[in-house]
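Listed here are the chains, written in short residue letters.
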Amino acid sequence: MKLFSYLLIISAVSSRTSLAASEIDSNNIISVKISESLPRHLCRRAIKNLEVLLNQISEEFHLLSGGSDLVSGYRVEIPSAWRNTECTMEIKTSEGRVSSEEILISGSHPVFSSGTYSEQFGGCNVQGLKTYIPFSFLTETPDIQEKNLNQTLLELTRWRYGIFSEVGYSTDPMYPENRTLGLGELRNAGCTAEELINGGGLCPISSYDSAAETKQNLLCAENPGRQTILNQFLGNEPVKFSRSQIEYVVPSDTERVILLIEQSQGMANLWSAILSSTFQFINALPEGSELAIITYGAEATIHLQATRVVGGNREGLHYRIPRRVAPDSGDSEPCIFCGFSAAGDLATNTSTIIILSSSVTDKNHTQLMKFEQSANPIIRRIVFGKFSRQSLDSRRPVYMINENENILNITSDVSLALASLSDSYPSKKFHMESLETLDTEGSFVVEPSLSSDLWLQILLDDTTDINVFEIKSPSGQIFSFPKFDAGLVYFSLRGPRETGVWSYRIKFYASAARDRRMILECWGSGGSGEISLRSWTRMTDEPHQPVYIYAKLDQLGLPVLNAQIFAVISKPGDAITKVELLDNGLGYPDIVSGDGIYSGYFSQFSDVPGVYSVYVEAVNNATAGVINVKKVDQLSLEARGSNFPTQPQIPLESFRRYSTSPSFYLNSTSEFFVSSGLVQKRDSLPPSRITDFKLANYFNNSLFVTLAWSAPGNDFNAGQAFRYEIRCFTGRQALSQENFAEQGILVHSSLVPSPDVQGVEQRCTVGVPWPEEVFYYAIVAFDSAGNRGEVSNIISVYVKEPVTTTTEDSTTKFLSMKDVSKTLPLKSFIHSESMMYIIAGVISFILIIIVIILTIIIRRLGVCGRKINTDQNSEDNSSLPDLCHDQSYMRNSISYMSGYDLPEMLEYALRSPQKASAQEITNNNARFCDQYHVKISSKTPNQEDLRYFHQKIQSQNSQNSPSISPVNSTFTVGQSTDCSVSVSGSDHEMVGDTLQVVTPSYQDVREKFLRPEPKPRKVPPAVPNKTVHASLV
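This next bit is on the overall build of the chain. Across its full length, the chain carries 21 helices and 51 strands. Across the 1033 residues of the chain, 50% fall into the buried class. Partitioning the contacts of the chain with sequence separation of at least 6, the portion at a separation of at least 24 is 76%. Carbon and sulfur atoms make up 51% of the accessible area of the chain, which totals about 49,400 Å².

Have a look at this one:
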């Protein structure tokens, strides 16, 4: 049988998911808790005023929802210290507690100490975590003050329906107190101050200003809060109002835990993991709590009645769990209903039932739901096994253990899931290492917040392989006698212990296997300043949306700032994705910066449907801290914008925390298409929305402005986007989601940068089309598949007419102005498509003229004309002849260096072998250039030279080769010769006075050498080199 390993926890009242209209029924109950730390003084006044407040809340919710939302009742948990005192004399109480409070009445909020505060984490229409109400609101006066009542109703409304503030704040970077429009400054609010007071903190729908830069407008599509609430109940029939029932419960002094474990053959391969994880869980139960153990297969068996947990009996309590599964009974399914019945007999109103099973089918899931409905709603449940889609449709969160992991990882994951059941579970994991089964040494840090009841354990396949396991405290105390039990090798150090760096040493026997792995874990509890981490997930029913992952990190209620938090998601098919969670307050997805709630998108879905498991890790690498509330001035009660106060900070020591998040089920969200015969996955997820688009800078006396924003991710926050579009218009409506692409004026793409890595600030400089009018700007991001993100927040830009007067004062002012052209890039001046076309046309015209001129020059220099016939007896025969012909076949280059005889160089070249051209090979002819003579006028030829040339010409005429005409320098067979001369040299005196190249006959040579020396001619002044190149072709 294929085994599946999952873990499900269901909280009966609160599920940390959005409260959609379809989920609100007539039986919804709100949980209220009065903190245990509150004194009994004025407790009767507090209870009386609390009842008034709760009735006002019911009326307010019914009114705002148009009569559709009716709170059926409240379940109020009062402190156990108030039992059987004057506090409970006039009310009826029963034993019980709330599983997860939605309204907490406490001394004060750790940051906003004097006011009601709603703790929200999601976007529009998402119900918050809880609302904090100061106890002083209920005890200051005999009757609750109207100011306190109105503030509490407003905060509870925001918590219940997921709406936000409709005004700005003086120190808020995203939602300022005032906004600029043209030359004027307006109060940044959705309505006037008088309308806000008359509406109890909510603006009227009729006169609402959707252009205000408020949190409500950014997160709720510019809809007023009242309209947002009504939209949640569209189509619902109003119900008649009736007063809500109030039930008071007092928690028992003892909390009871009931382990309900399936003992069938389906758990055989998981039994060792269950024994190990429950052993660590039982050893960490609070002193004085009660434990009961039940197993079920074909029938249920109670192995341990409710027994109090004390220091010396924890190991004995765990031994009551059977060491092996029951033999196969042949039944198709274990009798989970038998287990429910037995657990119900032992349960109290303060019990927690933990169910470990191999699977939950639709049949036993229905039985599970019936049992939950009949039981006290404070009961929680956990299921370890395989789930159908129906069982995961519940609003209860689900914890899953990856079935394909090895038994060590399964044990570690189940231990972490058990510890994540309740915020009150004392033990927290702060260190974990996966090591090879080799002799090793290492260290870990025990921090002050987890310095009591240390638990160190090694998970490995065979505990008998370990020879030595010892640990050493910072002061040098050595612990070298670990215990071996339930597949664990562990130390249990009760009581407070030293803080600082501890070391460990592990040594194996020589016969131990060396190719395996082990896991080292460190747990602790009970210190000062404890840091807590808990996490959860949220999904929406809308298509092409991500899964939201959240984690809350705090120290005794104070938000922990600047920590690094990552969520690790195991997908169907063993793939793992890591997502960073941020606390930046940009609104998508994190809505408040500095509140200790870190948020992130998960969008890398699997191609197959299945359950996704999540665990979260928080790390402090010397950057985290908490706000020093003692040095912060009294905080504004209306500070509900984009950020919490973060300064001054108290730095925290290094820490590490782990938490398991509820898992979630997804059908396959992938879409496929066929391209070029291949099946490809369609990208249907857009980039994230940009919410911090802003005007960063004006350039004086110009139309240019600088815009800035933070780069979004691709597929919400995974990867990089592909491109941006920035558009502007004189009306805001043109930049709405529907009209952006059709009506907005597009800023040219050459001015807009390419998207950077997510979170990096980017800027661009653009030109406003014309001055003296308000222009609105917005930006969107696209991915490579063409998916467009949501339109950003809209900003307004107004530029005055540049000053162009020439008066003396204006001239002086103009001279002192900054030269914008030196600081702006060239593309900043090209701010419209019309200008681009004009510039392109001018450049094209200039290029055409240049090409025409170059063509004429090249043709004049390169065209070969006919040679001009001149008188052979002319005295002026020193100019270079026209040696250019239609075709050329071979080129022989001769370099004449200063100080050498050119005839000798010509002789050397003629006698040296040259590489024959293709034409020469075809004709099998040798070619000579002896008919050319290059003469330097400063060098007189002698008789030996004449005899050499005479012999050479006779030798050529006597050979069976084509004859050469000295007139036209062409071969008689029709081939042509090209002769070119290049002269170079910076020292023309060394070269000679005159360079002449002629094509003489034999008679001409004789006559020229016998004639007197002609008068030297002047050399052109610019000779670039000392080398003369004579090229003969």
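There is more to say after this.
Tracing the sequence through the fold places asparagine 55 in helix α1 (residues 43–64). Side-chain polar atoms of asparagine 55 contact the side chain of arginine 243, separated by 3.4 Å. If near-sequence neighbours (up to four positions away) are discounted, asparagine 55 is found in contact with Arg243 and Ser244.

Applying the stated criterion across every chain, the model contains four disulfides. In this model, cysteine 124 is linked to cysteine 220 through a disulfide, with the two sulfur atoms separated by 2.1 Å. Taking the sign of the torsion about the S-S bond as the criterion, the disulfide between cysteine 124 and cysteine 220, at about 110°, is right-handed. Residue cysteine 124 is found in the loop between β6 (117–119) and β7 (130–134), and its partner cysteine 220 is found in the loop between α5 (215–219) and α6 (225–231); the two are separated by 96 residues along the sequence. Disulfide partner of cysteine 335: cysteine 338, at an S-S distance of 2.0 Å. The S-S bond linking cysteine 335 to cysteine 338 shows a torsion near 75°; that makes this disulfide right-handed.

Turning next to the packing of helix α7 (residues 271–283) against helix α11 (residues 407–419). Packing of α7 against α11 leaves a shortest axis separation of 9 Å and a crossing angle of 35°. In this structure, α7 crosses over α11, and the sense of that crossing is right-handed. When α7 is examined against α11, the residues Ser272, Ala273, Ser276, Ser277, Gln280 and Phe281 are found in contact with a partner set consisting of Ile407, Ile410, Thr411, Val414, Ser415 and Leu418. Here the contact of α7 with α11 is built from residues that sort into six nonpolar, six polar and no charged.

Take the sheet that holds β7 next. Read across the sheet, seven strands follow the order β4-β10-β3-β2-β5-β7-β6 without closing on themselves; strand pairing throughout is mixed. Every interior strand has two partners, whereas the edge strands, β4 (93–95) and β6, have only one. Adjacent strand axes in the sheet meet at a mean angle of 25° when their direction is disregarded. Note that strand β2 (residues 29–34) and strand β3 (residues 73–77) share five bridges and pair parallel. Within β3, the position partnered with valine 32 by the bridge is valine 76. Where α1 meets the sheet, its contacts fall on β2, β3, β5 (103–106), β7 and β10 (245–250), and the angle it forms with β3 comes to roughly 150°. Packing of helix α3 (residues 146–161) onto the sheet brings it into contact with β2, β5, β6 and β7, and relative to β7 it is tilted by some 165°.

Another aspect to go through is the packing of aromatic side chains. Applying the stated criterion across every chain yields a total of 24 aromatic pairs. Three or more aromatic residues joined by ring pairs make a cluster, and in this case those are Phe121, Trp536, Tyr548, Tyr550, Tyr601 and Phe716. Stacked on the ring of tyrosine 658, the Lys or Arg lysine 429 has its end atom at 5.0 Å from the ring centre. Taking the ring centre of phenylalanine 566 as reference, the NZ or CZ of lysine 578 above it sits at 4.7 Å.

Moving on: the environment of tyrosine 509. Mapped onto the elements of the fold, tyrosine 509 is located in the loop between β26 (500–508) and β27 (517–525). Sequence separation of tyrosine 509 and aspartate 439 is 70 residues, and the distance between their C-alpha atoms is 9.1 Å. Among all residues touching tyrosine 509, those that are not within four sequence positions of it are Thr464, Asp465, Ile466, Asn467 and Arg514.

For the rest of this paragraph, the subject is the pairing of strand β25 (residues 488–496). For strand β21 (residues 452–459) and β25, the ladder comprises seven bridges, and the chain directions are antiparallel. When the sheet's bridge partners are listed, leucine 454 is paired in β25 with leucine 493. In this sheet, β25 lies alongside strand β24 (residues 483–485) in antiparallel orientation, the contact comprising three bridges. By the bridge assignment for β25, lysine 483 is matched with tyrosine 490.

The next point concerns the pattern of salt bridges. Considering all chains together, one arrives at 24 salt bridges under this definition. Glutamate 101 serves as the salt-bridge partner of lysine 130, at 2.8 Å between the closest nitrogen and oxygen. One end of the pair, lysine 130, is in strand β7; the other, glutamate 101, is in the loop between β4 and β5, with 29 residues separating them in the sequence. One salt bridge connects glutamate 447 with arginine 657, and the closest N-O pair in it is separated by 2.7 Å. Separated by 210 residues along the polypeptide, glutamate 447 in the loop between β20 (440–446) and β21 and arginine 657 in strand β37 (residues 655–666) bring together distant segments of the chain. By relative accessible area, arginine 657 is classed as buried at 2%. Taken together, the salt bridges that share partners define one network made up of Lys694, Glu761 and Arg763.

Looking at the chain, pLDDT values average 77 and 70% of them are 70 or higher. Note on residues 1–26: pLDDT is under 50 here. Beyond four places in sequence and across chains, it has 108 contacts. Scored below 50 in pLDDT, residues 957–999 makes 131 contacts in the model with residues more than four places away or belonging to other chains.

Before going further, it helps to spend a moment on the packing of α1 against α3. Two elements in contact, α1 and α3, have axes separated by 10 Å at closest approach and are oriented at 55°. Our classification of the angle between α1 and α3 gives oblique. In the packing of α1 onto α3, the handedness of the crossing is right-handed. Residues Leu53, Gln56, Ile57, Glu60, Phe61 and Leu64 of α1 pack against Leu149, Thr152, Leu153, Leu156, Thr157, Arg160 and Tyr161 of α3.

In terms of nonpolar packing, the biggest core is built from 51 residues, with Leu553, Val560, Ile565, Ile569, Leu581 and Phe602 touching the most fellow members. Here this core gets six residues from one element, more than from any other, and that element is strand β29 (residues 547–555). Leaving out residues up to four positions away in the same chain, valine 560 has contacts with Ile531, Leu553, Asp554, Gln555, Gly596, Tyr598, Ala624, Gly625, Val626, Leu652 and Phe655. The next biggest cluster of nonpolar side chains, apart from the first, holds 39 residues, and it includes Ile78, Ile133, Phe135 and Ile144.

Within the secondary structure, aspartate 172 is located in the loop between α3 and β8 (178–181). Comment: no salt bridge for buried aspartate 172; closest opposite-charge side chain is lysine 215, at 7.4 Å. In terms of polar contacts, aspartate 172 uses its side chain to reach the backbone amide nitrogen of serine 642, at 2.6 Å. Setting aside chain neighbours within four positions, we find aspartate 172 in contact with Gly641, Ser642 and Asn643.

A few words now on unusual backbone geometry. In terms of backbone geometry, most residues other than glycine have negative phi values and most peptide bonds are trans. Between tyrosine 588 and the following residue, proline 589, the backbone shows a cis peptide bond with an omega angle of 0°. Tracing the chain through its elements places proline 589 in the loop between β32 (576–581) and β33 (597–602). Residue proline 648 follows glutamine 647 across a cis peptide bond; omega there is -5°. Within the secondary structure, proline 648 sits in the loop between β35 (625–627) and β36 (649–651). At alanine 221, a residue that is not glycine, the phi angle is positive and equals roughly 55°. As for its placement among the helices and strands, alanine 221 is situated in the loop between α5 and α6.

The strand order β19-β27-β21-β25-β24 describes an open sheet built from five strands, whose pairing is antiparallel. Looking at which strands have only one partner, the edges of the open sheet turn out to be β19 (428–436) and β24. Taken over all neighbouring pairs, the strand axes of this sheet differ in orientation by 20° on average, direction set aside. Pairing of β19 with β27 involves eight bridges; the strand directions are antiparallel. Pairing of methionine 432 across the sheet is with glutamate 521, part of β27. Against the sheet, α11 contacts β19, β21 and β27, and its axis sits at roughly 15° relative to β27.

Parameters at a glance
- Residues numbered from 1 in each chain as written.
- Predicted model: local features only at pLDDT ≥ 70, side-chain atom pairs only at ≥ 80, totals over all residues.
- Heavy atoms only, no water.
- Helix = DSSP H or I, 4+ residues; strand = E, 2+ residues; numbered from the N terminus.
- Buried < 20%, exposed > 50% of the residue type's maximum accessible area, 1.4 Å probe, protein only.
- Contact = heavy atoms within 4.5 Å.
- Areas by Shrake-Rupley, 256 points an atom, 1.4 Å probe, with all protein chains shown as cover.
- Polar contact = N/O pair within 3.5 Å; in protein donor to acceptor, adjacent residues only side chain to side chain.
- Disulfide = S-S within 2.5 Å.
- Axes fitted to C-alpha atoms, helices over the stretch in contact; angles between N-to-C directions.
- Left-handed = near helix turned anticlockwise from the far one by under 90°.
- Nonpolar A, V, L, I, M, F, W, Y, C, P; charged D, E, K, R; others polar.
- Pairing = 2+ DSSP bridges.
- Phe/Tyr/Trp six-rings, centres within 6.5 Å; stacked < 30°, edge-to-face > 60°.
- Lys NZ or Arg CZ within 6 Å of the ring centre and 35° of its normal.
- Salt bridge = Lys/Arg side-chain N within 4 Å of Asp/Glu carboxyl O.
- pLDDT = per-residue confidence, 0-100.
- Parallel < 35°, antiparallel > 145°, perpendicular 65-115°, else oblique.
- Core = buried A, V, L, I, M, F, W, Y, C linked by side-chain atoms within 4.5 Å.
- Lys, Arg positive; Asp, Glu negative; His and termini not counted.

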